[in-house]
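What follows is the residue order along each chain.
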Amino acid sequence: LPISELELGNFKFPDLKIIVVDDDVIVCEHTTELLRQIGIRSDWETCGQRAVQKVLAAHQAGEPYDAVILDCRMPDQDGVETAAIIRRAISEPLPIILISAYDSADVETKARQAGVNGFMTKPVFMSTLCRALQRYVLGQAAADEQKSKTDFSGKRFLLVEDNALNREIAMEMLESVGAVVESACDGAEGAAKFAAEPAGYYDLLLMDVQMPVMNGYEATQKIRASAKSDARTVPIVAMTADAFAEDIIEAKKAGMNSHLAKPLNLATLVREINKQLQKH
């Protein structure tokens, strides 16, 4: 993994008070210590029912919490149930963040309906905590990150895909985040289009693997072997429904930089393209 360049000095928080709710005492103590290190006051509770009482008492006393960090799985009353009770009892906006050691996708819909604003995974690291607080409590990071990471204005991609429907969907995805997209219907056409343009014309190539005339591996090898000055450096991302380890290895051998599994997901697509553009 790349070394993070995160510096705690980049995170600025106002005077906040947060309650941490987890049936594991060690998690409570660890999370509140992290909050203390960035100047945030906090309390903790190991029971969802008692946590609700504390939140209501603080609200009635005129000293409300600025956010609630809730464990997803707790005995008697879990995090989703606790969030729903808090939402029904307090009408004012109160950010609620759900933490879990498991994938939260299976409970995300239910949690959103209960009033949960965002999610964190365990173990809780300082960087994860700071970003979650910025995004869900201060409302800062979400808009900034979305703007900076999904704007491909001024970038030109070549999409090589033989399936017309898949090609149309991928083009719409890329164009929705500002990219200029040109396409080819098979590997031979894709390699020819790349060769016909001056060096640097394309910022990145998205290459399907299973294609008639010339498959993605062969097209990539032809591009890499060409005399163009950017032939060996232009990022080429494989797109295929075959997402097994041997397929990824084969893509690397052919000269591809990375691998995306179909069906394409916009968030994953954007993240991978950003990663490749930053490298080259």
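Please read all numbers here as calculations on a predicted model, not as lab measurements.

Draft legend 1. Examining the packing of aromatic side chains more closely. Taken as a whole, this structure holds 2 aromatic pairs when the rule is applied. Centroid distance Phe-152 to Phe-157: 5.7 Å. Interplanar angle 75°. Geometry classified as edge-to-face. Take Phe-152: its relative accessible area is 2%, and that puts it in the buried class. On the basis of relative accessibility, which here comes to 0%, the residue Phe-157 falls in the buried class. With a centroid separation of 4.8 Å and an interplanar angle of 85°, the aromatic rings of Tyr-201 and Tyr-202 are classed as edge-to-face. According to the relative accessible area criterion, Tyr-201 is partly exposed, its value standing at 21%. You can call Tyr-202 buried: its relative accessible area is 4%. Cation over ring: Lys-17 sits above Tyr-65, and NZ or CZ is 4.7 Å from the ring centre. For Lys-228, the ring lying beneath its charged end belongs to Phe-194, and the centroid distance is 3.8 Å.

Draft legend 2. Highlighting helix 5 (residues 126-137). End to end, helix 5 covers 15 Å across 12 residues, agreeing with the expected 16 Å (1.5 Å per residue, within 8%). Among all positions of helix 5, only Met-126, Leu-129, Cys-130, Ala-132, Leu-133, Gln-134, Tyr-136 and Val-137 are buried. Positioned one or two residues after helix 5, Gly-139 has a phi angle of 70°, which is positive.

Draft legend 3. Focus on the nonpolar core. The biggest cluster of nonpolar side chains holds 23 residues, and the ones touching the most others in it are Val-55, Val-68, Leu-70, Ile-86 and Leu-98. Contributions of two or more residues to this core are made by strand 1 (17-21), helix 2 (48-60), strand 3 (67-71), helix 3 (79-89), strand 4 (96-100) and helix 4 (105-114). Setting aside residues up to four positions removed in sequence, Leu-98 forms contacts with Leu-70, Asp-71, Cys-72, Gly-79, Val-80, Ala-111, Val-116, Gly-118, Phe-119 and Met-120. In this structure, Ile-38, Val-124, Met-126 and Val-137 belong to the second largest nonpolar core, which totals 22 residues.

Rules of the game
- Residues numbered from 1 in each chain as written.
- Predicted model: local features only at pLDDT ≥ 70, side-chain atom pairs only at ≥ 80, totals over all residues.
- Heavy atoms only, no water.
- Phe/Tyr/Trp six-rings, centres within 6.5 Å; stacked < 30°, edge-to-face > 60°.
- Buried < 20%, exposed > 50% of the residue type's maximum accessible area, 1.4 Å probe, protein only.
- Lys NZ or Arg CZ within 6 Å of the ring centre and 35° of its normal.
- Helix = DSSP H or I, 4+ residues; strand = E, 2+ residues; numbered from the N terminus.
- Expected span 1.5 Å × (residues − 1).
- Core = buried A, V, L, I, M, F, W, Y, C linked by side-chain atoms within 4.5 Å.
- Contact = heavy atoms within 4.5 Å.

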